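Coordinates in review
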Amino acid sequence: MKLKLILCSASWILALTTGARAQQVLTLEQAIDLGLKNNYDIRMARNDADVAANDNAYANFAFAPRINGTASKTWTNTATKQEFGNGSKRDTSGIKNRQMQAAVNLNWTLFDGLKMFATRQRVQAIEILGEMNVRNQVENTVANIINSYYNISQQKQQLRALAEQMSISDERVKLSDAKFQTGLAPKTDWLQAKVDYNAQRANWLRQQTVIEQSKASLNQLLAIADENVNYDVLDSIPLNTQLSYGQILENIQQTNPLMQISRQNLEISRITLKERKGDFYPVIAFNSAYNFSQSRASAAINQFSPIFNQNRGLNYGFSATVPIFNGLNVHRQVKAAKLDIEYQQLALDNQASLVNLQLRNAFRDYEYYKMSLELEQESVDLARENTMVALERFRQGVSTTLEVKEAQQSLELAAYRLIQARYNTKVAETELMRLKGALLK
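Worth saying up front: this structure is predicted, and the values here are computed from it rather than measured. (Residues numbered from 1 in each chain as written. Predicted model: local features only at pLDDT ≥ 70, side-chain atom pairs only at ≥ 80, totals over all residues. Heavy atoms only, no water.)

Nonpolar side chains collect at one region of the surface, where W108, L110, F111, L114, F117, F280, Y281, I284 and F318 lie side by side and expose about 890 Å² of accessible area between them. Ranked by residue count, the leading element in the nonpolar patch is strand β5 (residues 95–111), at three residues. With respect to the helices and strands, L114 occurs in the loop between β5 and α4 (115–182). Among the residues examined, L114 registers a relative accessible area of 52% and is labelled exposed. (Patch = residues over 30% accessible without salt bridge, like charges linked within 9 Å, V, L, I, M, F, W, Y side chains within 5 Å. Areas by Shrake-Rupley, 256 points an atom, 1.4 Å probe, with all protein chains shown as cover. Salt bridge = Lys/Arg side-chain N within 4 Å of Asp/Glu carboxyl O. Helix = DSSP H or I, 4+ residues; strand = E, 2+ residues; numbered from the N terminus. Buried < 20%, exposed > 50% of the residue type's maximum accessible area, 1.4 Å probe, protein only.)

If you want it as structure tokens, here you go:
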């Protein structure tokens, strides 16, 4: 699957960089595939998760003994002069000594109040938390990609609505000019129609810029830095109007990514408390060492000093470190761990409250925009018919250009509200699925 995703992403980047010769249509699924592979936030979250997984991969070695080796070699050149009470003297200058020492030490903790087991559990829990953070980041990124993608679709629909307005204004200009030329209307009607047409033309050009800016925002989410990337998006916005509050609310406490993260943080705090309590118990360890030492002198200092000396031996045994008093530092750490558990529990409760609030608000938006869609669609149909009637009346000379302009403005506003309602419904739907943790299903 990963190889397929990489090949798919690479092929689309290659196809999109063909420039202005032909615009490739980028579907939402292809945009999400690119984002999952390239998005910087996802890659950084994955890197953090990999760090936690790397720590956990070595967690079992906490139970293994610690073995250290030491070795040293020294050279000594001594000059000793001595005078004794009987008047004799001794000069041992120039004696050279060479010493070599080596040791292998083993320390194996057998019992530390079960702290090592708690440490392993904590490292494993942190790895799970890392994966949860990745999933949460993926859910957020997918939601942002969906909203950004359909924002471009929305802007394209606005561009099409402006093109319709321009065609109406162009017809007004032609009719006003014809009436002015025949003396049936003043020149001000033609001038006003021309001004309105130019204003809509400027809006149309501005809308094209907005579309390019929206594509740039989507490119940032997809981590596409190549300015030669040229693509188009589908201008339709599919909606799922069958979502119910009960369906979204079901198991929301278990499926919401932020709730999962809060619960995992609480679990890590509880494991940390076990670690801290382990410091109350003695530490029992097995110790062993193999030692080797050798010294060689060029001459003896006296008849009792050796020229060559070598020692080697193995020792082993057990040790116990019993905590008696350390300034109540362990008590302080245990109390801090308990306070952290309380804090994480409050954070979990607060997150549950926020998720419920966000869910209620998002569903209210979803229901509102669904209902407004039918009203706005009806308004657009009525406004379009009214505009056509007003334009025909103006053509027949039974109405003024002001009536046509008012009808045209009503159509423009109704079309804008309809497009906004359709996009906002999709945003609310996406937010509900993000809160549910179901965007990746």
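Once the structure has been displayed, the description carries forward.
Taken as a whole and judged by the stated rule, the model has 18 salt bridges. A salt bridge links D235 to R160; the shortest N-O distance between them is 2.7 Å. Note that D235 is positioned in the loop between β6 (231–233) and α6 (245–249) and R160 in helix α4, a separation of 75 residues in sequence. Judged by its relative accessible area of 29%, D235 is partly exposed. Taking the shortest distance from any N to any O, the salt bridge between K426 and E429 comes out at 3.2 Å. Of this pair, K426 and E429 are both found in helix α10 (residues 401–436), three residues apart, which corresponds to roughly one turn of the helix.

This part takes up the packing of aromatic side chains. What the rule picks out here adds up to eight aromatic pairs. Centroid distance Y149 to Y150: 5.3 Å. Interplanar angle 90 degrees. Geometry classified as edge-to-face. With respect to burial, Y149 and Y150 carry one shared label: buried. Across the ring face of Y231, the terminal group of K215 is positioned such that the distance to the ring centre comes to 5.5 Å. (Phe/Tyr/Trp six-rings, centres within 6.5 Å; stacked < 30°, edge-to-face > 60°. Lys NZ or Arg CZ within 6 Å of the ring centre and 35° of its normal.)

Attention now moves to helix α5 (residues 187–222). End to end, α5 covers 53 Å across 36 residues, agreeing with the expected 52 Å (1.5 Å per residue, within 8%). A positive backbone phi angle near 60 degrees is found at A223, which sits one or two residues after α5. (Expected span 1.5 Å × (residues − 1).)

Okay, unusual backbone geometry next. Across the chain, the bulk of peptide bonds are trans and the bulk of non-glycine residues have phi less than zero. With a phi close to 60 degrees, A223 is a non-glycine residue in the positive phi region. Phi is positive for L328, which is not a glycine, with a value near 60 degrees. Within the secondary structure, L328 sits in the loop between β8 (308–321) and α9 (329–396).

Below, the discussion takes up the sheet that holds strand β7 (residues 283–297). Strands sit in the order β2-β5-β7-β8 across an open sheet of four strands; the sheet is antiparallel. Only two strands of the sheet have a single neighbouring strand rather than two, namely β2 (66–78) and β8. Each adjacent strand pair in this sheet contributes to an overall mean axis angle of 10 degrees, direction not counted. Here 14 bridges tie β5 to β7, and the two strands are oriented antiparallel to one another. Bridged to Q101 within β7 is S293. (Pairing = 2+ DSSP bridges. Axes fitted to C-alpha atoms, helices over the stretch in contact; angles between N-to-C directions.)

This part takes up the side chain of Q294. Relative to the helices and strands, Q294 resides in strand β7. Assessed through its relative accessible area of 18%, Q294 is described here as buried. A polar atom in the side chain of Q294 sits 2.7 Å from the side chain of Q310. Setting aside chain neighbours within four positions, we find Q294 in contact with R98, Q99, M100, F308, N309 and Q310. (Polar contact = N/O pair within 3.5 Å; in protein donor to acceptor, adjacent residues only side chain to side chain. Contact = heavy atoms within 4.5 Å.)

On to the environment of P257. Take P257: it is sitting in helix α8 (residues 257–278). For P257, a relative accessible area of 4% puts it in the buried group. Sequence separation between P257 and E139 is 118 residues, and the spatial gap between their C-alpha atoms is 8.2 Å. Discounting residues that sit within four places of it in the chain, P257 has contacts with N136, E139, R434, L435 and G437.

Moving on, we come to the packing of α4 against α8. One can describe the packing of α4 onto α8 by two numbers: an axis separation of 9 Å at closest approach and a directional angle of 165 degrees. It follows from the interaxial angle that α4 and α8 lie roughly antiparallel. When you trace α4 past α8, the crossing you get is left-handed. Partitioning the contact of α4 with α8 into residue classes produces eleven nonpolar, nine polar and five charged. (Parallel < 35°, antiparallel > 145°, perpendicular 65-115°, else oblique. Left-handed = near helix turned anticlockwise from the far one by under 90°. Nonpolar A, V, L, I, M, F, W, Y, C, P; charged D, E, K, R; others polar.)

Bear in mind that shape data such as this cannot, by itself, settle questions of function.
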